[in-house]
Amino acid sequence: DTAVSQTPKYLVTQMGNDKSIKCEQNLGHDTMYWYKQDSKKFLKIMFSYNNKELIINETVPNRFSPKSPDKAHLNLHINSLELGDSAVYFCASSQGARNTIYFGEGSWLTVV
Amino acid sequence: TQLLEQSPQFLSIQEGENLTVYCNSSSVFSSLQWYRQEPGEGPVLLVTVVTGGEVKKLKRLTFQFGDARKDSSLHITAAQPGDTGLYLCAGPGGAAGNKLTFGGGTRVLVKP
């Protein structure tokens, strides 16, 4: 079983569309994250949730809205997609904020 | 903001050669982590170093944390094609230390 799974793995969409990426972890962790990796492979945190509550919200356009229906799920909805949103989005989880972070396989988003 | 700079950005070597990757900061970190990311996958934790001057070995990989806890290095002995990947260092950041900050990564290619 995949510990942190996210869908879809690949997504190609047009500018202006709204899309969602879903993430689920079966590790029993209480903290989940969304990271963005740009074309230069720079990995940067976007959001962090602990027990369904938002604890980290980096400087991210408000077109990005995370939602955590329960501890095991953290979805990312993106409105009005722009070309610059093209990147790989990684979901991750950990038990507490200072312990090992486990990453999903990534969702490759291409906006055309 | 605590920044981590990695060097070199890219390294191409022949199988059997040794290599060293560096991670430097002007800030002190309570700990540093090293991740390896293979193409199409998410980063996977290799090691965490927490004590200044600490040296950890993982088979052919040797990790060192600087005495002042501002830098770290990863040395691979007798590199193999399976060592190919993106090596990322990361450290806890943010006021609460609950935000993992990544370096820009070093892309390693080991040719057979």
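Residues numbered from 1 in each chain as written. Chains lettered and ligands numbered in written order. Predicted model: local features only at pLDDT ≥ 70, side-chain atom pairs only at ≥ 80, totals over all residues. Heavy atoms only, no water.

K.L.:
What is the right way to look at the interface of chain A and chain B in this model?
P.N.:
The figure often quoted for interface size is the accessible area lost as the parts come together. Facing the 20 residues of chain A at the interface are 18 residues of chain B. Taking both sides of the interface into account, the surface hidden between chain A and chain B amounts to around 1,600 Å²; carbon and sulfur atoms contribute 55%. Per-residue buried area on chain A facing chain B is highest for K41(A), L43(A) and F103(A); these three make up 27% of the total on that side. Along the contact surface separating chain A from chain B lie 1 salt bridge. Note that E58(A) is salt-bridged to K99(B), the shortest N-O span being 3.0 Å. At the level of elements, β4 (31-37), β5 (43-50) and β6 (53-57) of chain A are the ones that each hand at least two residues to the side of chain A that touches chain B. (Contact = heavy atoms within 4.5 Å. Buried area = accessible area lost by both parts, 1.4 Å probe. Salt bridge = Lys/Arg side-chain N within 4 Å of Asp/Glu carboxyl O. Helix = DSSP H or I, 4+ residues; strand = E, 2+ residues; numbered from the N terminus.)

K.L.:
How do you make sense of unusual backbone geometry when you look at a structure like this?
P.N.:
A cis geometry characterises the amide bond from T7(A) onward to P8(A), with omega recorded as 0°. By the secondary structure assignment, P8(A) is in the loop between β1 (4-7) and β2 (10-13). Residue P8(B) is reached from S7(B) by a cis peptide bond, and omega for that bond is -10°. Positive phi values are uncommon outside glycine, yet K59(B) reaches one of about 55°. Position of K59(B) relative to the elements: it lies in the loop between β6 (55-58) and β7 (61-65). We classify K59(B) as exposed; its relative accessible area is 85%. (Buried < 20%, exposed > 50% of the residue type's maximum accessible area, 1.4 Å probe, protein only.)

K.L.:
Is there a simple way to explain the nonpolar core in this structure?
P.N.:
In globular proteins that are soluble, nonpolar side chains generally tend to be buried together. Grouped together as the largest cluster of nonpolar side chains are 22 residues, with contacts concentrated most on L19(B), L32(B), W34(B), F63(B), L74(B), I76(B) and V108(B). Elements that contribute at least two residues to this core include exactly β2 (10-14), β3 (19-24), β4 (32-37), β5 (44-49), β7, β8 (71-76), β9 (85-93) and β11 (106-111) of chain B. What L32(B) contacts, discounting residues up to four positions off in sequence, is L4(B), C23(B), V47(B), T48(B), V49(B), F65(B), D71(B), S72(B), A90(B) and G91(B). Residues V4(A), F47(A), L81(A) and Y89(A) belong to the second largest nonpolar core, which totals 20 residues. (Core = buried A, V, L, I, M, F, W, Y, C linked by side-chain atoms within 4.5 Å.)

K.L.:
What am I meant to see in the pattern of salt bridges here?
P.N.:
When charged atoms on two side chains of opposite charge get close, those side chains can pair. Under the definition given, this model contains 7 salt bridges over all chains. The structure contains a network of salt bridges with shared partners spanning R63(A), E82(A) and D85(A).

K.L.:
Even after reading the chapter, I still don't get the sheet that holds strand β8 (residues 73-78) of chain A, so can you show me in this structure?
P.N.:
As a general point, the strands of a sheet are linked pairwise by backbone hydrogen bonds and lie either parallel or antiparallel. Residues and elements named next belong to chain A. An order of β1-β3-β8-β7 is seen for the 4 strands of this open sheet, with the pairing classed as antiparallel. What marks the edges here is a single partner per strand, and that holds for β1 and β7 (64-70). Strand-to-strand twist across the sheet, computed as the mean angle between neighbouring axes with direction ignored, equals 20°. In the sheet, β1 pairs with strand β3 (residues 19-25) via 4 bridges, with the strands oriented antiparallel. Bridging across to β3, V4 finds its partner in Q25. (Pairing = 2+ DSSP bridges. Axes fitted to C-alpha atoms, helices over the stretch in contact; angles between N-to-C directions.)

K.L.:
What is the right way to read the sheet that holds β8(B) from this model?
P.N.:
All names here are of chain B. Reading across from one edge, β1-β3-β8-β7-β6 is the order of the 5 strands in this open sheet, with antiparallel pairing throughout. The open sheet has two edge strands with one neighbour each: β1 (5-7) and β6. Here the strands of the sheet are splayed against their neighbours by 15° on average, with no regard to which way each runs. Of the pairings in the sheet, the one linking β3 to β8 comprises 6 bridges and is antiparallel in character. Paired with L19 across the two strands is I76, which belongs to β8.

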